[in-house]
Amino acid sequence: MLPPLIESLGLTDPWTYLGVFLAASLLMLWRLEAMLDHGLEGTALGTLVMPYCSGLGNLLFVAIVWQRRGPAQEVLTNCLVNNVTNLTLLLGLPAVLFGLQVMGGAKAGAAKGGRKSAGKGAAASAATGAQVNRLSLLLTLVAVLFFTGGTWLLADDGRLTRTDGLLLVGLFLFWQTFQVFDVMKHNVQRRVSFGFLFYLDLLVVLAAAWALYESIDWLVAWITAQKGGFVSAANLGWLSGWLMVLPNALLALYWGWKKRADVVYSSQVGDGHICIPLCLGVLALLTPVAVPPLFITGLYLLGGAVVLHAFCLLAFGGLPRWTGAVLLAAYGWFVWTGLFA
């Protein structure tokens with residue numbers, strides 16, 4: 001429905017569909033912020049809602065490649081590029097630009113304004129909330145390490161089979177069930193419920209998801225048709241992976257600018273759960289796939305990044321700027337190894 005409309009306007013061009021993709025992603029970002037005010041809070045927003053929206057493109061990519069009978073290995077590259085970019089570039093860059101302090105940032109933000117007595121109470125409440133957010137983020141990072149290690153064990157024989165896919169999807173569903181009940185418990189304890197506007201925003205997000213599907217489908221078909229140069233079918237996995245992280249980059253920079261390190265962390269880390277294990281599991285269920293050598297190297301890098309993030313959260317209450325620079329250098333090495341080495 002969307003491609004005929006764009007064609008009738010004489011705007012059939014890769015830049016047009018890239019614009020549609022970004023516009024739909026920005027619409028999601030706008031309504032997700034509204035959903036934050038309609039019953040969800042920082043870490044819950046990142047864990048349950050943002051990852052599905054920012055990671056929706058990767059799920060759609062799996063379906064599109066399978067539907068078009070494209071190369072399944074490109075999906076593995078897509079997922080790997082997505083996760084490595086999230087945990088290195090898209091957390092390292094906001095750390096360098098704005099600083100990512102889950103603990104100190106929350107205290108400072110709560111202490112601004114108000115009378116002294118009220119300020120002390122707000123600061124104490126914010127400190128408690130920041131501590132809870134840090135523990136939640138650490139749990140999410142442990143899940144990433146568990147998923148990454150499990151994927152490495154299943155892919156160690158050089159293939160992901162349908163049995164492997166079933167295990168990966170099962171791991172993801174167990175984790176999400178745990179998260180859903182945790183959020184429900186939080187809302188019951190604080191007598192929070194989702195009102196009409198929350199579900200209205202959810203419908204808007206679903207409409208944006210349809211626009212994402214149409215734009216990704218066209219862009220994948222266009223890239224696949226290109227036979228020469230860097231922007232071609234040979235680099236479909238890398239190009240699609242970078243395309244999918246554009247919404248994540250907007251989330252990271254936007255929430256980093258607003259000093260919401262908890263949402264920056266949880267949205268980027270939570271998005272990784274969509275690619276690994278969910279997208280890989282769905283792909284393996286649809287068609288067994290051989291694992292490229294870069295995939296195992298990328299899993300090692302992911303595991304190292306998770307350990308570094310967990311250490312920084314425990315030791316510094318966030319991600320120091322120098323650590324962000326280290327993550328940026330690691331991402332540069334990953335890109336060089338994957339494309340030019």
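Scroll up to find the structure this text is about.
The residue count restarts for each chain, going from 1 along the sequence in the order it is written. The predicted origin of the model limits local features to residues at a pLDDT of at least 70 and limits the giving and counting of side-chain atom pairs to 80 or more, whereas totals for whole chains, interfaces and linings rest on all residues. To obtain the side-chain values, all non-hydrogen atoms of the structure were included, while hydrogens and water were left out.

Draft legend 1. Spatial organisation of the overall build of the protein chain. Secondary structure follows DSSP: runs of H or I at least 4 residues long count as helices, runs of E at least 2 residues long count as strands, and numbering of each begins at the N terminus. Along the backbone of the protein chain there are 14 helices and 4 strands. Throughout this description, buried means an accessible area under 20% of the type-specific maximum (1.4 Å probe, protein chains only), exposed means over 50%, and partly exposed covers the range between. Expressed as a percentage of its 341 residues, the buried residues of the protein chain come to 51%. Here, residues are in contact when the closest pair of their heavy atoms is within 4.5 Å. Partitioning the contacts of the protein chain with sequence separation of at least 6, the portion at a separation of at least 24 is 84%. Split by element, the accessible area of the protein chain, about 15600 Å² in all, is 70% carbon and sulfur. Residue burial considers only the protein chains on display, and all accessible areas are found by Shrake-Rupley using a 1.4 Å probe.

Draft legend 2. Here's a closer look at unusual backbone geometry. The amide bond that connects Ile276 to the next residue, Pro277, takes the cis arrangement and shows omega of 25°. Along the polypeptide, Pro277 turns up in helix α12 (residues 261-286). Phi angles above zero are rare outside glycine, and Arg69 is one such case at about 55°. Of the residues examined, Arg69 reaches a relative accessible area of 79% and is grouped as exposed. Phi at Lys259 is positive, roughly 60°, even though this residue is not glycine.

Draft legend 3. How the structure looks around the pattern of salt bridges. One speaks of a salt bridge when a side-chain nitrogen belonging to Lys or Arg is within 4 Å of a carboxyl oxygen belonging to Asp or Glu. Evaluation of the coordinates by the stated rule reveals 3 salt bridges. The closest approach of N and O atoms between Arg31 and Asp201, which form a salt bridge, is 2.7 Å. With Arg31 in helix α2 (residues 14-36) and Asp201 in helix α10 (residues 196-225), the pair connects residues that are 170 residues apart, well separated along the chain. Both residues of the pair, Arg31 and Asp201, belong to the buried class. For the salt bridge of Arg68 with Asp217, the shortest nitrogen-to-oxygen distance reads 3.2 Å. Within this pair, whereas Arg68 is found in the loop between α4 (56-67) and α5 (73-87), its partner Asp217 is found in helix α10, the two being separated by 149 residues in sequence.

Draft legend 4. Region of interest: the environment of Ala63. In this fold, Ala63 is placed in helix α4. For the pair formed by Ala63 and Cys279, sequence separation is 216 residues and the distance between their alpha carbons is 9.5 Å.

Draft legend 5. Region of interest: the packing of α5 against helix α11 (residues 236-257). For helices, the fitted axis covers only the stretch in contact; all axes are lines through C-alpha atoms, and the angles between them, taken along N-to-C directions, range from 0 to 180 degrees. Running from N to C, α5 and α11 cross one another at 40°; their axes reach a closest spacing of 8 Å. Of the possible angle classes, the one that applies to α5 and α11 is oblique. When you trace α5 past α11, the crossing you get is right-handed. The residues of α11 that touch α5, namely those facing Glu74, Thr77, Asn78, Val81, Asn82, Thr85 and Asn86, are Leu236, Gly237, Trp238, Ser240, Gly241, Trp242, Met244, Val245 and Asn248. Relative orientations are named as follows: roughly parallel for angles under 35 degrees, roughly antiparallel for angles over 145 degrees, roughly perpendicular for angles from 65 to 115 degrees, and oblique for any other angle. Take the far helix as the reference: if the near one is turned anticlockwise from it by less than a right angle, the crossing is left-handed, and if turned clockwise, right-handed.

Draft legend 6. Representation of the nonpolar core within the structure. Nonpolar cores were defined as sets of buried Ala, Val, Leu, Ile, Met, Phe, Trp, Tyr and Cys residues, with membership established by side-chain atoms within 4.5 Å. Counting 90 residues, the largest nonpolar core has Phe295 and Phe334 as its most contacted members. Here this core takes 13 residues from α12, the largest share from any one element. Setting aside its immediate chain neighbours within four residues, Phe295 contacts Leu76, Leu80, Thr151, Ala155 and Leu280.

Draft legend 7. Spotlight on a nonpolar patch on the surface. To count toward a patch, a residue needs a relative accessible area above 30% and no salt bridge. Like charges then connect within 9 Å, nonpolar side chains (Val, Leu, Ile, Met, Phe, Trp, Tyr) within 5 Å. Taken together, the side chains of Phe196, Leu197, Tyr199, Leu200, Leu202, Leu203 and Leu206 define a hydrophobic patch exposed on the protein surface, amounting to about 720 Å² of accessible area. Structurally, Leu197 is set in helix α10.

Draft legend 8. Region of the structure containing helix α6 (residues 89-97). Turning to α6, its buried residues number three or more, namely Leu90, Leu91, Gly92, Pro94 and Ala95. Gly99 sits one or two residues past α6 and shows a positive phi near 80°.

Draft legend 9. Representation of the packing of α4 against α12 in the model. The interhelical angle for the contact between α4 and α12, taken along N-to-C directions, is 15°, at an axis separation of 10 Å. With respect to their mutual orientation, α4 and α12 come out roughly parallel. Classified by chirality, the crossing of α12 by α4 is right-handed. Contacts from Asn58, Leu59, Val62 and Trp66 in α4 reach Ile274, Cys275, Leu278, Cys279, Val282, Leu283 and Leu286 in α12. Of the residues assigned to the contact of α4 with α12, the class counts are 10 nonpolar, 1 polar and no charged. In this count, Pro and Cys sit with the nonpolar residues alongside Ala, Val, Leu, Ile, Met, Phe, Trp and Tyr, while Asp, Glu, Lys and Arg are called charged and the others, Gly among them, polar.

Draft legend 10. Structural view of α12. Take the residue count of a helix, subtract one, and multiply by 1.5 Å to get its expected span. Under the 1.5 Å per step criterion, the end-to-end length of α12 is 37 Å for 26 residues, consistent within 8% with the ideal 38 Å. By the largest-angle criterion, Leu278 marks the main kink of α12, which is about 35°. Extensive coverage of α12 is indicated by the burial of 23 of its 26 residues. The seven residues ending at a residue and the seven starting there each receive a fitted axis; the angle between those axes is the bend at that residue.

Draft legend 11. Up close: the side chain of Ser232. Here Ser232 lies in the loop between α10 and α11. The term polar contact refers here to a pair of N or O atoms within 3.5 Å; inside protein, the definition further demands a hydrogen-donor-capable atom paired with an acceptor-capable atom, and it admits residues adjacent in sequence only when both atoms are side-chain atoms. Here the side chain of Ser232 touches Gly229 through a polar contact of 2.8 Å, landing on its backbone oxygen. If we ignore the near neighbours within four places in the chain, the residues touching Ser232 are Ile223, Gln226, Lys227 and Leu239.

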